Amino acid sequence: MNSDIDFIIPWVDGNDPEWQKSFNSYAPKSAQIDDADESRFRDWGLLPYWFRGIEKFAPWVRKIHFITCGQVPQWLNLDAPKLHWVKHEDYIPKKYLPVFNVNPLELNLHKIEGLSDKFVYFNDDTFIIRPISEQRFFKNGLPCDCAVCNVLLPTRQGVMSHIMTNNMAIINEHFDKHKAIKQNLSKWFNLKYGPQQLRTLLLWPWPQFSILYEHHQPNAYLKSTYQEIWDLYGDQIEETSMTRFRSIANYSQWLMRDWRLVKGEFEPYNVAKDSHSCILGQDNLNAILRTIVHQQKSLFCINDGNISKDDAPKIKQQLLDAFNAILPEKSSFEK
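All figures in this text were calculated on a predicted structure; none of them were measured in a lab.

Caption draft 1: Fine view of the packing of helix α8 (residues 223–241) against helix α9 (residues 254–263). Contact geometry for α8 and α9: axes closest at 11 Å, N-to-C directions at 125°. If you check the angle between α8 and α9, you find them oblique. Crossing of α8 over α9 shows right-handed handedness. Residues T225, Y226, E228, I229, W230, L232, Y233 and I237 of α8 touch α9, and the partners they reach there are L255, M256, W259, R260 and K263.

Structure follows, in structure tokens:
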């Protein structure tokens, strides 16, 4: 029996010559582009295992919304009953296209036609590698998550630190930190979080939120959260929708996540309990392979790292072999 929960995943084939041509034709030549890093678009060929993991370990999913700029993997079965192929132009105004910035794609997710009121947003580097239930993402009709205060460290540089600051500026404009926490005290100080909740306690004297603890895992959302923020701050978010490449003035989907946390519209859950994220490298490759083969977590995020072009083919084959060990059979999403 299917649930009323959808999954969303954006994907791009950065090896596609036509896509590269388009990217280069729009990329400003006078400034460094944060999105120009090869690792942001490199394709490791693991996407079939993302779909296999969903079908085997989360068969309850209602629909998968697969977002691309129009690209379709040759092996993908577009006629799969649970698949909805979404092109950028299907929900992003054409005047903003083409776009190479993930933030506009994420901030407009609620506009996808046929999207369920409850959905989970995945990146294509996060895989389900053992059985997982609906209650991992939603409980009592609310997203499952952990509310923990954190600080933006001076060592964290780059575009993302600016974007997180922008997100929190809206949060602090709309919410009073101490009032928000007091209204949902048991959701901020919860035994499920373990030692992490000490951060919230230590940061209590600060009058505003710096940032919240942000895990690199799938986020569960309600469409109503998106709509509420668009109704209140649509002009600001629209400016992000107009930027083809990531900018220090952008907002991100984490604004939606932080909003529902501060508002108390979530059920406490220790995200770290059954998930793990890492940056792919030679030094931790064996640990990554073990995590996959022994299915040590339910959700496993493998961020592309500083892997040389010479080393990439061998590492790619090792990753493919590891995933194939637990997910050898084709899914209905494959031809």
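There is more to say, and it comes next.
Caption draft 2: Here's a closer look at the pairing of strand β1 (residues 5–10). For β1, the tally of buried residues reaches six of six residues, placing the bulk of the element in the interior. Every second residue of β1 is oriented toward a common face, with I5, F7 and I9 on one face and D6, I8 and P10 on the other, all of them buried. Two elements, β1 and strand β4 (residues 118–121), share four bridges in a ladder whose sense is parallel. Across the sheet, the residue bridging to D6 is F119, located in β4. Two elements, β1 and strand β2 (residues 63–68), share five bridges in a ladder whose sense is parallel. Looking at the pairing, F7 lines up with I64 of β2.

Caption draft 3: Molecular detail of the packing of aromatic side chains. On inspection of all chains with the given rule, the structure shows 25 aromatic pairs. With a centroid separation of 6.2 Å and 50° between ring planes, the pair formed by W60 and F137 is classed as tilted. With a gap of 77 residues between them, W60 in the loop between α2 (47–57) and β2 and F137 in the loop between β5 (126–128) and β6 (138–139) connect regions that are remote in the sequence. Using a relative accessible area of 9% as the deciding quantity, one classes W60 as buried. Centre to centre, the rings of Y233 and W259 are 6.2 Å apart; their planes meet at 75°, and the pair counts as edge-to-face. Here Y233 is found in helix α8, whereas its partner W259 is found in helix α9, with 26 residues between them in sequence. As far as the burial class goes, Y233 and W259 line up, both buried.

Caption draft 4: Spatial organisation of α2. In terms of burial, α2 is largely enclosed, as nine of its 11 residues are buried. Along α2, the positions that sit buried rather than exposed are L47, P48, Y49, W50, F51, R52, G53, I54 and F57. Buried positions along α2 lie against β1, β2, β3 (83–87), β5 and α11 (312–326).

Caption draft 5: Examining the sheet that holds strand β13 (residues 299–303) more closely. Sheet architecture is open: three strands sit in the order β5-β13-β12, paired in mixed fashion. Edge positions in the sheet fall to β5 and β12 (275–279), since each has one partner strand and no second. Each neighbouring strand pair of the sheet contributes to a mean axis angle of 20°, computed without reference to strand direction. In this sheet, β13 lies alongside β5 in antiparallel orientation, the contact comprising three bridges. Counted as the bridge partner of F127 is F300 from β13.

Caption draft 6: Representation of the environment of F323 within the structure. Following the sequence through the fold, F323 ends up in helix α11. The spatial distance from the C-alpha of F323 to the C-alpha of G234 is 41 Å, given a sequence separation of 89 residues. Among residues more than four places away in sequence, those in contact with F323 are L46, Y49, F127, I129, I292 and I302.

Caption draft 7: Representation of the sheet that holds β1. Pairing within the open sheet is mixed, and its five strands lie in the order β3-β2-β1-β4-β10. Strands with a single pairing partner mark the edges of an open sheet, and in this sheet they are β3 and β10 (219–222). When the angles between neighbouring strand axes are averaged without regard to direction, this sheet yields 25°. Those strands touched by α8 are β4 and β10, and its axis lies near 70° from that of β10.

Caption draft 8: Summary view of unusual backbone geometry. Put simply, L97 and P98 share a cis peptide bond, and its omega is 0°. With respect to the secondary-structure elements, P98 resides in the loop between β3 and α3 (102–107). Even without being a glycine, N140 presents a positive backbone phi close to 55°. Along the chain, the position of N140 falls in the loop between β6 and β7 (142–145). Judged by relative accessible area, N140 falls into the exposed class, the value being 63%.

Basis of the calculations
Residues numbered from 1 in each chain as written. Predicted model: local features only at pLDDT ≥ 70, side-chain atom pairs only at ≥ 80, totals over all residues. Heavy atoms only, no water. Axes fitted to C-alpha atoms, helices over the stretch in contact; angles between N-to-C directions. Helix = DSSP H or I, 4+ residues; strand = E, 2+ residues; numbered from the N terminus. Parallel < 35°, antiparallel > 145°, perpendicular 65-115°, else oblique. Left-handed = near helix turned anticlockwise from the far one by under 90°. Contact = heavy atoms within 4.5 Å. Buried < 20%, exposed > 50% of the residue type's maximum accessible area, 1.4 Å probe, protein only. Pairing = 2+ DSSP bridges. Phe/Tyr/Trp six-rings, centres within 6.5 Å; stacked < 30°, edge-to-face > 60°.

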